[in-house]
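The lines below spell out each chain.
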Amino acid sequence: MADRYAVILAAGKGTRMKSPRAKVLHEVGGRSMLAWSVALSQALGCRRAVVVAGPDASDVQAAAGRLVGADNVCIQHEQKGTADAVRAAEPLLGDIDGDLIVLYADTPLIPVEAGRSAFAEVASGASVCVLGFKAEDPGRYGRLILGEAGELEAIVEANDASPEALQIDFCNSGVMAGPARLMFDLLRDVRNDNAKGEYYLTDIVALARSRGLRASAARCRESDVLGVNSQAELAKAEAVFQTGMRERAMTDGATLRAPETVWFSFDTRLASGVTVEPNVVFGPGVSVGEGAHIRSFSHIEGAHVGAGAQVGPFARLRPGADIGADAHVGNFVEVKNVRLGEGAKANHLAYLGDGDVGAGANIGAGVIFCNYDGYFKYRTIVGAGAFVGSNASLVAPVTIAPGAYVGSGSVITDDVSENALALGRGRQAEKAGWAATFRSGQAALRASGRKPEGAL
Ligand code: UD1
Ligand code: CA
């Protein structure tokens, strides 16, 4: 198989969608559209992906540098069209021996199979292969002109199309593949004699045909290649993504009681037998083990939920939460960077941050891991089978050894030994008959028309 390379176009006019953030840095399914394109190039096995950014888009350049390395970011100095943008990558990719795929960074949801089918056409001899789709409303998309035998003859941009060509509903997704050297060679012949005065990448199809080379179109679904040019289209792409993820989760054996209310990220993984109640949000980096039950209104990101565990309702799992098998995290419990051992429980109103809770430990209502002094963070360790009473504050760094008890309402600042009881609170005192004496004294005062000092 020929080596594969990718050029990802992220420059261009009108790339802000009226937002201070660059278009391609807007997110779908919890990651930027630019990152979607880079992930696709990686899934296709590309040896190298080069991102073409605009000269003023320092945010895009920086994000691209993090994704593909600064050496693989190049600048298109003037936005003169998509052909010109690909040519901006020539200094980096002009000498390579392999096949090149062009991806538009405003088209996030392209399935790996679609990219593979474009490369496969090139492997079987096509000089250019374009991914095409039947558009519900072809609108401003470029139209694919096919010959008698179904081969691709040309792409005509909507602005330049004749009324007959505008009737065509087979459209250009923007994904195009071909042998790298040939593509750069064809690009040299592209002219800007069109309605927009731009250098169109799409012109290389007709140029290849005029050299007697074969061009082809691979087909995909419209929902696979939604191009995002506005905030409304961004929301549409997000909706398509969410629908797909919900369907996949259910196909893989998860029960979603109200699928339309469950929010997924690009990498959410639910094992079979997981139940998700209505109104749950999965941020990036979540995996949920077999048979776990996620109750309503839980917000989970960067976390693992073990098999058979129960989470929520109203639980918040933040990055680094690792909930063991059969553990319970109940309502209004926040967990961050804590491993909760097998069968451990924190059922109500707690903050567990930066620590480790052993198997079978019980964290009472209102327990707080005091992990931060305003400058640094510290760990709290609770051993297996320990019992931390309600409303205890564990001031980190601190260790509660296995099997120990912490009395309710304690403020624990020192380590607690195995199987001990630790109390860190005022001792209870009792004054016999105090309440009755108090009541009769106050009643007498009120009847006399006087008040205790300071009373209103
Ligand atoms: C383009 C295609 C059109 C296709 C549609 C699919 C061309 C000429 N037209 O139209 O056939 O149906 O995508 O969504 O290719 N870009 C640059 N530099 C430039 C111009 C554009 O980097 O000078 C980048 C943009 O950031 C974007 C991509 O190329 O990621 C496509 O450009 P855009 O202006 O959105 O093209 P469309 O009009 O949508
Ligand atoms: Ca576009």
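To be clear, the structure that these remarks concern was listed above.
The sections below set out a description of the structure shown in this document.

What counts and what doesn't
Residues numbered from 1 in each chain as written. Chains lettered and ligands numbered in written order. Predicted model: local features only at pLDDT ≥ 70, side-chain atom pairs only at ≥ 80, totals over all residues. Heavy atoms only, no water. Helix = DSSP H or I, 4+ residues; strand = E, 2+ residues; numbered from the N terminus. Rg over C-alpha atoms; globule rule 2.2 N^0.38 Å. Buried < 20%, exposed > 50% of the residue type's maximum accessible area, 1.4 Å probe, protein only. Contact = heavy atoms within 4.5 Å. Areas by Shrake-Rupley, 256 points an atom, 1.4 Å probe, with all protein chains shown as cover. Core = buried A, V, L, I, M, F, W, Y, C linked by side-chain atoms within 4.5 Å. Near = heavy atom within 4 Å. Polar contact = N/O pair within 3.5 Å; in protein donor to acceptor, adjacent residues only side chain to side chain. Donors = N, O, S within 2.8 Å, 3.2 Å for Na, K, Ca; no water. Pairing = 2+ DSSP bridges. Axes fitted to C-alpha atoms, helices over the stretch in contact; angles between N-to-C directions. Parallel < 35°, antiparallel > 145°, perpendicular 65-115°, else oblique. Left-handed = near helix turned anticlockwise from the far one by under 90°. Nonpolar A, V, L, I, M, F, W, Y, C, P; charged D, E, K, R; others polar.

Remarks on the overall build of the protein
- Helices and strands together make up the secondary structure of the protein, namely ten helices and 34 strands.
- Computed over the C-alpha atoms, the radius of gyration of the protein is 31 Å, more than 25% above the 23 Å expected from 2.2 N^0.38 for a compact globule of 456 residues.
- Taken along its principal axes, the extent of the C-alpha atoms in the protein is 105 × 55 × 40 Å.
- When the 456 residues of the protein are sorted by exposure, 48% land in the buried category.
- Long-range pairs, those at least 24 residues apart, make up 43% of the contacts in the protein between residues at least 6 apart in sequence.
- When the accessible surface of the protein is split by element, carbon and sulfur atoms take 50% of a total near 21500 Å².

Considering the nonpolar core
- Formed by 60 residues in total, the largest nonpolar core has its most connected members in F282, L317, V382 and L394.
- Secondary structure elements with two or more residues in this core: helix 1 (33–43), helix 9 (231–251), strand 16 (280–282), strand 24 (328–340), strand 25 (345–357) and strand 31 (398–400).
- Residues in contact with V382, not counting those within four places in the same chain, are D356, V357, G358, A361, I363, F369, V388, L394 and I400.
- Grouped together as the second largest cluster of nonpolar side chains are 38 residues, L25, V60, I101 and A177 included.

Some details on the site of ligand 1
- Residues in contact with ligand 1 amount to 21 residues; listed here are only the nearest, A11, Q76, Y104, E157 and N172.
- Here an oxygen atom of ligand 1 sits 2.6 Å away from a polar atom, N or O, in the side chain of E157.
- Here ligand 1, which alone exposes 760 Å², has 92% of that area covered by the protein.
- Looking at the shell around ligand 1, the elements that each hand over two or more residues are helix 3 (82–87) and strand 10 (170–179).

A few points about the coordination of the calcium ion (ligand 2)
- Protein coordination at the calcium ion (ligand 2) comes from D106 (OD) and N229 (OD1), with a distance range of 2.4 to 2.7 Å. One end of the pair, D106, is in the loop between strand 6 (99–104) and helix 5 (112–123); the other, N229, is in the loop between strand 11 (215–219) and helix 9, with 123 residues separating them in the sequence.

A short note on the pairing of strand 8 (residues 143–146)
- Across four bridges, strand 8 lies against strand 9 (residues 152–156) in antiparallel orientation. Across the sheet, R143 pairs through a bridge with V156, a residue of strand 9.
- Linking strand 8 to strand 9, which pair antiparallel, is a turn of five residues; within it G150 sits at a positive phi near 85 degrees.

A few points about the packing of helix 1 against helix 2 (residues 58–68)
- It is the contact of helix 1 with helix 2, at a shortest axis distance of 10 Å, that shows an interaxial angle of 25 degrees. Taken together, helix 1 and helix 2 sit at an angle that is classed as roughly parallel. The element helix 1 and its partner helix 2 pack so that their crossing is right-handed. Residues L34, A35, V38 and Q42 of helix 1 lie in contact with helix 2, whose contacting residues are V60, A63, A64, L67 and V68.
- Here the residues of the contact of helix 1 with helix 2 sort into eight nonpolar, one polar and no charged.

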